[in-house]
Amino acid sequence: MSFTEHIAPIFRAALEILRDAGRPMQPAEVREAVAKRVSIDPGQEAVNAHGQMRWHAQLGFRTGEAASLGWMTKRNGWAITPAGAQALEDFPETELYRELGRQYRARRQSAQTRTYADPRWKVVLEALARLAPGSWTTYGDIAEVVGMSAQSVGGFMAEAGETAGAHRVLQSGGKISPGFRWLDPERTDDPREVLEQEGVTFDQFGRAASSQRVTADKLRAVLSDAGVLLAPEPERELEWGISAPFEQFQQNLSYARQLLDGGRNLERLGVGAFDVTDLYRAAWTQSVAALDHWITREIIERGVTLALQPGAPRPAKFDKLTLPVALFEKIHHHDAPLAEVFRAHLEQEFEFKTFQNPEKIQEGFAHVSSVKLWVKAAEILTEQDPTSPVTSDGVRARMREIARRRNNIAHTADHDPDNPGQKLAITAQAAEETIDWLESIAIAIQLALGDPLPTADYDAAPAEAGGLGAVPMSAGEGRAATSRARRKWDEESLLQAIEHYCPDDVARTLLEVYRHAERHPAFRGYYYGEGAYPSATARFSVGTDEAAVWSIYPGASESVLSINFEWMRNRGVAHEVLSELAETLSGLPGWAGVPRQLVAANYAKRPSLTPIALARPDAADIITSSVGALLAAGGEEA
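Reading the values: rules and limits
The written sequence of each chain sets the order in which its residues are numbered from 1. Residue-level local features of this predicted model are given only where pLDDT is at least 70; pairs of side-chain atoms are given and counted only at 80 or more, and the full residue set underlies all totals for whole chains, interfaces and linings. Each side-chain value is worked out from all heavy atoms of the structure, with water and hydrogens disregarded. Each helix is a run of H or I in the DSSP string that is no shorter than four residues. Each strand is a run of E no shorter than two, and both are numbered from the N terminus. For each residue, the accessible area found with a 1.4 Å probe, counting protein chains only, is set against the maximum for its type, and the residue is called buried under 20%, exposed over 50%, and partly exposed in between. We call two residues in contact when some of their heavy atoms are within 4.5 Å. All accessible-area figures derive from a Shrake-Rupley calculation using a 1.4 Å probe, and residue coverage is judged against the displayed protein chains alone. Pairing of aromatic rings covers Phe, Tyr and the six-membered ring of Trp, with a centre-to-centre limit of 6.5 Å; geometry is then stacked below 30 degrees between planes, edge-to-face above 60, and tilted otherwise. Here, a charge over a ring is recorded when the distance from Lys NZ or Arg CZ to the ring centre is within 6 Å and its angle to the ring normal is within 35 degrees. Here, expected helix span is obtained from the residue count minus one, scaled by 1.5 Å. To obtain each axis, a line is fitted to C-alpha atoms, and for helices this fit is confined to the stretch in contact; angles are then taken between N-to-C directions over 0 to 180 degrees. Angles are sorted into four bins: roughly parallel if under 35 degrees, roughly antiparallel if over 145, roughly perpendicular if 65 to 115, and oblique for all others. Ten residue types, Ala, Val, Leu, Ile, Met, Phe, Trp, Tyr, Cys and Pro, are classed as nonpolar, four, Asp, Glu, Lys and Arg, as charged, and the remainder, Gly among them, as polar. Whether a crossing is left-handed or right-handed is set by the direction in which the near helix is turned from the far one by less than a right angle, anticlockwise for left-handed and clockwise for right-handed. The arc in question is the one spanned by the directions pointing from the helix axis to the C-beta atoms. The term polar contact refers here to a pair of N or O atoms within 3.5 Å; inside protein, the definition further demands a hydrogen-donor-capable atom paired with an acceptor-capable atom, and it admits residues adjacent in sequence only when both atoms are side-chain atoms. Each patch is assembled from residues with relative accessible area greater than 30% and no salt bridge, linking like charges that lie within 9 Å and nonpolar side chains (Val, Leu, Ile, Met, Phe, Trp, Tyr) that lie within 5 Å. In what follows, salt bridge is the name for a side-chain nitrogen of Lys or Arg lying within 4 Å of a carboxyl oxygen of Asp or Glu. Two strands form a pair only when DSSP identifies at least two bridges running between them. Remark: nonpolar core denotes a set of buried residues (Ala, Val, Leu, Ile, Met, Phe, Trp, Tyr, Cys) joined through side-chain atoms within 4.5 Å.

Student: Mind laying out the overall build of the chain, listing which residues take part and the relevant values?
Tutor: Each helix and strand counted, the chain has 28 helices and nine strands in total. Looking at the 638 residues of the chain, the share that counts as buried comes to 51%. Here the analysis covers contacts within the chain between residues at least 6 apart in sequence; of these, 69% occur between residues at least 24 apart. Accessible surface, the chain as shown: approximately 28,800 Å² in total, 51% of it carbon and sulfur.

Student: Break down the packing of aromatic side chains for me, with residues and values.
Tutor: One pass over the full model with this rule turns up twelve aromatic pairs. Centre to centre, the rings of Y514 and Y526 are 4.4 Å apart; their planes meet at 10°, and the pair counts as stacked. Separated by twelve residues along the polypeptide, Y514 in helix α23 (residues 504-519) and Y526 in strand β5 (residues 523-528) bring together distant segments of the chain. No difference in accessibility class separates Y514 from Y526, as the two residues are buried. An aromatic cluster of at least three residues, connected via ring pairs, comprises Y514, F523, Y526, Y528, F540 and W550. Cation over ring: R398 sits above W437, and NZ or CZ is 4.7 Å from the ring centre.

Student: Account for helix α12 (residues 245-269), with residues named and values stated.
Tutor: Over its 25 residues, α12 extends 37 Å from the first C-alpha to the last, a length consistent with the 36 Å expected when each residue adds 1.5 Å. Positioned one or two residues after α12, G270 has a phi angle of 70°, which is positive.

Student: Outline the packing of α12 against helix α13 (residues 277-307), supporting the account with residue identities and numerical values.
Tutor: Packed helix pairs are characterised by how far apart their axes lie and by the angle those axes make with each other. Here α12 crosses α13 at 180°, and the two axes come no closer than 8 Å. Considered as vectors, α12 and α13 are oriented roughly antiparallel to each other. The residue inventory of the contact of α12 with α13, partitioned by class, reads 16 nonpolar, seven polar and five charged.

Student: Can you break down the packing of helix α4 (residues 54-68) against α12 residue by residue, with the values?
Tutor: Their axes nearest at 10 Å, the elements α4 and α12 cross at an angle of 140°. Compared by their axis directions, α4 and α12 come out oblique. Crossing angle aside, the handedness with which α4 passes α12 is right-handed. Along its contact with α4, which presents A57, G60, F61, G64, E65 and S68, the element α12 presents F246, Q250, Q251 and S254. Classifying every residue of the contact of α4 with α12 by side-chain character gives three nonpolar, six polar and one charged.

Student: Break down helix α10 (residues 191-198) for me, citing the residues and quoting the values.
Tutor: Within the sequence span of α10, burial applies to P191, V194 and L195. Each buried residue of α10 lies within a common arc of 95° when the element is viewed along its axis, so the set occupies one face. Contact partners of the buried residues in α10: β4 (169-170). Two to three positions downstream of the cap, the backbone nitrogen of R192 sits 2.9 Å from a side-chain oxygen, assigning the N-cap of α10 to D190. Remark: G199 follows α10 within two positions and exhibits a positive phi of approximately 115°.

Student: Go over a nonpolar patch on the surface with me, naming the residues and quoting the values.
Tutor: There is a patch of nonpolar side chains on the surface, built from L269, V271 and F274 and spanning about 280 Å² of accessible area. For F274, the position within the fold is in the loop between α12 and α13.

Student: Quick rundown of the pairing of β5? Include the residues and the values.
Tutor: With five of its six residues buried, β5 lies for the most part within the structure. As judged from the five bridges shared by β5 and strand β6 (residues 536-542), these two strands associate in the antiparallel manner. Bridge pairing links Y526 to A538 in β6.

Student: Provide a residue-level description of the side chain of Q356, including the pertinent values.
Tutor: With respect to the element layout, Q356 can be found in the loop between α16 (338-350) and α17 (358-365). In terms of polar contacts, Q356 uses its side chain to reach the side chain of D292, at 3.4 Å. Here Q356 is in contact with V288, D292, I361, M399, A403, R406 and N407, once residues within four sequence places are set aside.

Student: Run through the nonpolar core, naming residues and quoting values.
Tutor: In terms of nonpolar packing, the biggest core is built from 85 residues, with V34, W71, L291, W294, I361, F365 and V395 touching the most fellow members. Looking at this core element by element, the count peaks at 14 residues for α13. Apart from the residues lying within four places of it in its own chain, the contact partners of F365 are W294, I295, E298, I299, L373, I445 and L449. Counting residues in each nonpolar core, the second largest holds 45 residues, with A507, Y526, V573 and L614 among its members.

Student: I'd like a rundown of the pairing of strand β8 (residues 560-563), residues and numbers included.
Tutor: Burial along β8 is two-sided: V560 and S562 facing one way and L561 and I563 facing the other are all buried. In terms of strand pairing, β8 meets strand β9 (residues 608-609) through two bridges, oriented antiparallel. For S562, the partnering residue across the bridge sits in β9 and is S608.

Student: Tell me about the pattern of salt bridges, and please be specific about residues and values.
Tutor: This model, assessed by the stated rule, comprises 33 salt bridges. Shared partners join several salt bridges into a network, and the residues in it are D275, D278, R281, R405, D414 and K423.

Student: I'd like a rundown of the environment of G628, residues and numbers included.
Tutor: Positionally, G628 belongs in helix α28 (residues 619-637). Once the C-alpha coordinates of G628 and A517 are considered, the two residues, 111 residues apart in sequence, prove to be 9.4 Å apart.

Student: Can you lay out unusual backbone geometry for me, pointing to particular residues and giving the numbers?
Tutor: Phi is positive for E93, close to 50°, though the residue is something other than glycine. Along the chain, the position of E93 falls in the loop between α5 (82-90) and α6 (95-110). Judged by its relative accessible area of 61%, E93 falls in the exposed class. You will see that Y603, though not glycine, has its phi angle at about 65°, which is positive.

Student: Before we move on, can you summarise the environment of L18 with the specific residues and values?
Tutor: As for its position among the elements, L18 is in helix α1 (residues 3-21). Residue classification places L18 among the buried positions, given a relative accessible area of 2%. On a C-alpha basis, the gap between L18 and A85 in space is 9.2 Å, while along the polypeptide they are 67 residues apart. Not counting chain neighbours up to four residues away, the residues in contact with L18 comprise R23, M25, V30, M72, W78, A79 and I80.

So, in structure tokens, the structure goes:
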């Protein structure tokens, strides 16, 4: 029986119990009701290293994910939301659990700003692709070949969305990693059974046959024969954490809850050799540390996302971040990946700061968001439980109280100022309420900030644009041949490429659209690309935000105008407005089926107008009037 088949009915039962109760319930109350409703596998009732039942821990993780999706709340106990009740209706049986995984993965992936700019990650993918069925290797073998740590390789494989063959990578002793999970949430099959079907044999201890192992030397030879260049180790290794920031926060809170359970068990046994309540104090400090660490990672990840979005609106404090000249030169003159360099800089900037006091937390997030953090968080918490409204002052006061108690525990062993030599009293319930409160705060902060937007690649034409032909020469090729490996295009090179490569009717349309942009009152600027082809992306004010509406990509074979529906959707442009734009443009050749395709893809596309459409005599009028209507409608939406 697969893991999904074990935990899916438990998770579903928990939501059904909350729905039927119609009120918030304490976690222990929910678990007790679940145990009565669902037949739980004995293996899931076994305790882990910290004395917590495995299914208790897993239910804690899954309900945290559900809360971050808005399916339930965890303030003043667990409670289901209308969205969660609807999910129960929409997704029967184990499909509910799989949908949780799909939606949570999509949200997590949208925040993932790490890139494959470090060439060694591409070598990892090549190595995985060349592991033949019936063979296996280890994280250490791959790490040795590419020149990084086994932990980094494992973390990359856990997060990357294209690691086919990952099930063929085992631990050093030939055992399947206990933390292995399929990237496809639909997959529930046992990885050992898959390997055995492929021809890998295991001994009685669960170890794969050493004769079928592809060692580092063999792997290196396979890659060499395939013509894969093993990249030299860069100055700094790009580390991949095993978990996204919020997932790691959940893991750290789980450890705090395990300390609580351990203390409760010892308290029931009447152990008198030491003060059992110190475990409750440890749980308190662990939960505060978990929040502190999550905030640090969240600020860094969101900061890198902003750095990789040219022209995106940014908070004033972000623009005041300083970058040492040495790092600027590393990016500008040595073509070092911006994501890696900027992440390393932010880690130095923030990792030694403490985010426990509410003022410090707000100050930290002000670098990556202009939202009024505690006002918005208080609104969200009140919406979760209208019977117990909170204010921003109340949230800050509770956070200060929790931080002060943590400092007292850490620095004075929780002494009682009124009773010298005595500790302040603490109970398991008080510590549990603190952990639950901090989890609710983290979820509220996530919701207040909104999901980080995916990094937009302004330089590359979308795949659906087709082939643009040979790379054009820049207008100032000699001037562009600097020490940088990339080109920096400008208006002159863009206009020259349009004139040189486009037929007159296509050039006329592109130039009219281009000039229309800078005359429009909502225009906010062009971004000229740094990719192989010259390009220009036009940014406009849409409501209270900015969006990259269209991009021009001139090419030797053909030139296209991409309409950036996905980027506009990500900036909050309403689907109704995008639908109207698509329908208006559908009269142009090649666009008849585009509106339907956009709806099916939830507008996550950047369809392009090709020369056939751009050559129409009325194409410029249709495009500019459509864009004007979009900008007007976007302002009305706001």
